Structure formats: structure tokens, C-alpha cells
Amino acid sequence: MKEYVEHQVKSKVETFFKGFFKVVFMIVAAIVFLLLFGYGFMLLWNWLMPDVFGLPVLSYWKAVGILVMAKLLFGNFEGKGHKSHSKKGRKQFRNKMNDSCKSDFSKWEFYDEFWKDEGEKAFNVYVERQQNDGQ
């Protein structure tokens, strides 16, 4: 019984430390990623913006500050559920628009025949009516 309890305690301690180190690793990896992203942004800014727009060269922390400010101004802080909901809404809207465009353009195969049979005559009648209404 004593061995079983020791094994359970050891297992729980190992699980705790594995989870703890995973969390610490993820936090460190996120910080490293953000630091590298800020450095890449700084390099890209300093390569393009001064020459193209005459803007000043940025230091590393100013570049990171601009990224944070852009996230605050243009980013959203909603949860994943809201994003998936808005993506679903955009997808439904896109599908609706695609269906309406397909139905509109599917009729164009008859356009040339219509124009030969009725269109030119109808257009000439319309032009004459407009000219008579204008006088």
C-alpha cells in the first residue's frame, strides 16, 4: 500500500512539473516570438518607410510600440467564438452573393440572340421616344 501511495504522489508531482514546464515554455516561446516579430517589423519599416515616404527610422521599442498601438486601434479583442461567428456570416453572405451572380449571368447565353431578334429594334424605338420627349 505504501508503494502505491508513493507511486501516486510521484505521478502527480511529475504531471504537475510537466504541465508547469509546458506553460513556462509556452510563455517564453510567445515572448521570443513577439520580440522577433518586433525586430522584423523594425527592419522592414527602416528598409521601406524612410525611402518611400520620408518617415523617420525607428528604434526597436518604437517599432514594438507601433505594433501594440496598431493592435489596439485596428485589432479586435473578441474571443474565438465571435470570430468564427463573423466568418460564418461572411461565408453565408458570400455564398448568397455568388448564387445571385450565377443566376444573373446564367441568362447571358441568350443575349446575342435577343439582341439580333428584338434588342436593336427596341433600342431604336427607345431612342426615338427619348428624342421626341426632349423636343
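Just so it is clear, the model here is predicted, and its values are computed rather than measured.

> Lay out the overall build of the chain in plain terms, naming residues and giving numbers.
Tallying secondary structure elements over the chain gives 4 helices and 0 strands in all. Across the chain, helices and strands are ordered from the amino to the carboxyl terminus as α-α-α-α. Counting across all 135 residues of the chain, residues that qualify as buried make up 6%. Entry remark: accessible area of the chain is about 12600 Å², with carbon and sulfur atoms responsible for 66%.

> Help me get a handle on the nonpolar core, residues and values and all.
Core analysis: the largest hydrophobic core is formed by 6 residues, namely M42, W45, L58, Y60, A63 and V64. Within the residue set of this core, elements represented by two or more residues are α1 (2–53) and α2 (60–74). Take this core: its biggest share by element is 3 residues, from α2. If we ignore the near neighbours within four places in the chain, the residues touching Y60 are L34, L35, G38, Y39 and M42.

> Before we move on, can you summarise a nonpolar patch on the surface with the specific residues and values?
Residues M1, V5, V9, V13, F16, F17, F20, F21, V24, V28, V32 and L36 make up a contiguous nonpolar surface patch of about 1200 Å² in total accessible area. Within the secondary structure, L36 sits in helix α1. L36 sits in the exposed class, given a relative accessible area of 58%.

> Describe the confidence of the model for the chain, listing the residues and the values that go with them.
Here the chain averages 81 in pLDDT, and 81% of its residues register 70 or above. Across the chain, the secondary-structure element scoring lowest on mean pLDDT is helix α3 (residues 80–106), at 65, and the one scoring highest is α2, at 90.

> Tell me what's going on with helix α4 (residues 111–134), and back it up with residues and numbers.
Three- or four-residue spacings in an α-helix give side chains the same orientation, since the helix completes a turn every 3.6 residues. An ideal rise of 1.5 Å per residue puts 34 Å on 24 residues; α4 reaches only 29 Å between its terminal C-alpha atoms. Along its length, α4 reaches its greatest deviation from straightness, about 55°, at E118.

> Could you give me a rundown of α2, with the residues and numbers involved?
The end-to-end C-alpha distance of α2, which contains 15 residues, comes to 21 Å, matching closely the 21 Å that a straight helix rising 1.5 Å per residue would cover. Residues of α2 that are buried include every one of Y60, A63 and V64, and no others. End-on view of α2: buried residues confined to an arc of 100°, all on one side of the axis. Exposed residues pointing more than 90 degrees away from the buried face of α2 are listed as W61, K62, L72 and L73.

Criteria and thresholds
Residues numbered from 1 in each chain as written. Predicted model: local features only at pLDDT ≥ 70, side-chain atom pairs only at ≥ 80, totals over all residues. Heavy atoms only, no water. Helix = DSSP H or I, 4+ residues; strand = E, 2+ residues; numbered from the N terminus. Buried < 20%, exposed > 50% of the residue type's maximum accessible area, 1.4 Å probe, protein only. Areas by Shrake-Rupley, 256 points an atom, 1.4 Å probe, with all protein chains shown as cover. Core = buried A, V, L, I, M, F, W, Y, C linked by side-chain atoms within 4.5 Å. Contact = heavy atoms within 4.5 Å. Patch = residues over 30% accessible without salt bridge, like charges linked within 9 Å, V, L, I, M, F, W, Y side chains within 5 Å. Salt bridge = Lys/Arg side-chain N within 4 Å of Asp/Glu carboxyl O. pLDDT = per-residue confidence, 0-100. Expected span 1.5 Å × (residues − 1). Bend = angle between axes of the 7 residues up to and from the residue. Arc of directions from axis to C-beta.

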